[in-house]
Amino acid sequence: RKTAIDHILKKYKGKFGDNRMTRKERKEALLRDGPGKKNCGCKKTRCLKKYCECFLVGAYCTADCNCQTCENFEGGKVDGLLGKK
């Protein structure tokens, strides 16, 4: 089985996991690039989970975000979740 997996990974090099980042790496990249550089496009999570780039770095969504049914804005649900006042 290990040999078969290695063969597939060599055959399709660059297709499996090479471009995936861990949550910690993604957070560091978003913080390094600065807020507002990458805007979220959340559809079902309402920007209340760590899938949302804005929520991950602790920032509110902006008008540039493409999210739907957003709750991550000043005075929204996220204030209670993160303890912001």
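Residues numbered from 1 in each chain as written. Predicted model: local features only at pLDDT ≥ 70, side-chain atom pairs only at ≥ 80, totals over all residues. Heavy atoms only, no water.

Re the overall build of the protein chain
- Along the backbone of the protein chain there are 4 helices and 0 strands.
- When the helices and strands of the protein chain are read in sequence order from the N terminus, they spell out α-α-α-α.
- Residues classed as buried in the protein chain amount to 24% of the 85 residues present.
- A fraction of 42% describes how many contacts in the protein chain between residues 6 or more apart in sequence connect residues 24 or more apart.
- Carbon together with sulfur atoms contributes 51% to the accessible area of the protein chain, which is approximately 7,000 Å² in total. (Helix = DSSP H or I, 4+ residues; strand = E, 2+ residues; numbered from the N terminus. Buried < 20%, exposed > 50% of the residue type's maximum accessible area, 1.4 Å probe, protein only. Contact = heavy atoms within 4.5 Å. Areas by Shrake-Rupley, 256 points an atom, 1.4 Å probe, with all protein chains shown as cover.)

Describing unusual backbone geometry
- Even without being glycine, R46 reaches a positive phi, approximately 55°.
- Residue position: R46 is located in the loop between α2 (23-33) and α3 (53-57).
- What makes R46 partly exposed here is its relative accessible area of 32%.
- Despite not being glycine, C47 has its phi angle at roughly 60°, a positive value.

Some thoughts on the nonpolar core
- Grouped together as the largest cluster of nonpolar side chains are 9 residues: C40, C42, C47, C52, C54, F55, C61, C65 and C67.
- Among residues more than four places away in sequence, those in contact with C67 are C40, G41, C42, C47 and C61. (Core = buried A, V, L, I, M, F, W, Y, C linked by side-chain atoms within 4.5 Å.)

What about the pattern of salt bridges?
- Applying the stated criterion to the full structure yields 1 salt bridge.
- Measuring nitrogen to oxygen at the nearest pair gives 3.3 Å for the salt bridge that ties D6 to K2. You can see D6 and its partner K2 sitting in helix α1 (residues 2-11), 4 residues apart, about one turn around the helix. (Salt bridge = Lys/Arg side-chain N within 4 Å of Asp/Glu carboxyl O.)

Quick look at the confidence of the model for the protein chain
- In the predicted model, the protein chain carries a mean pLDDT of 75, and 73% of its residues have values of at least 70.
- Taken element by element, the predicted model of the protein chain shows its lowest mean pLDDT in helix α4 (residues 77-82) (61) and its highest in α1 (83). (pLDDT = per-residue confidence, 0-100.)

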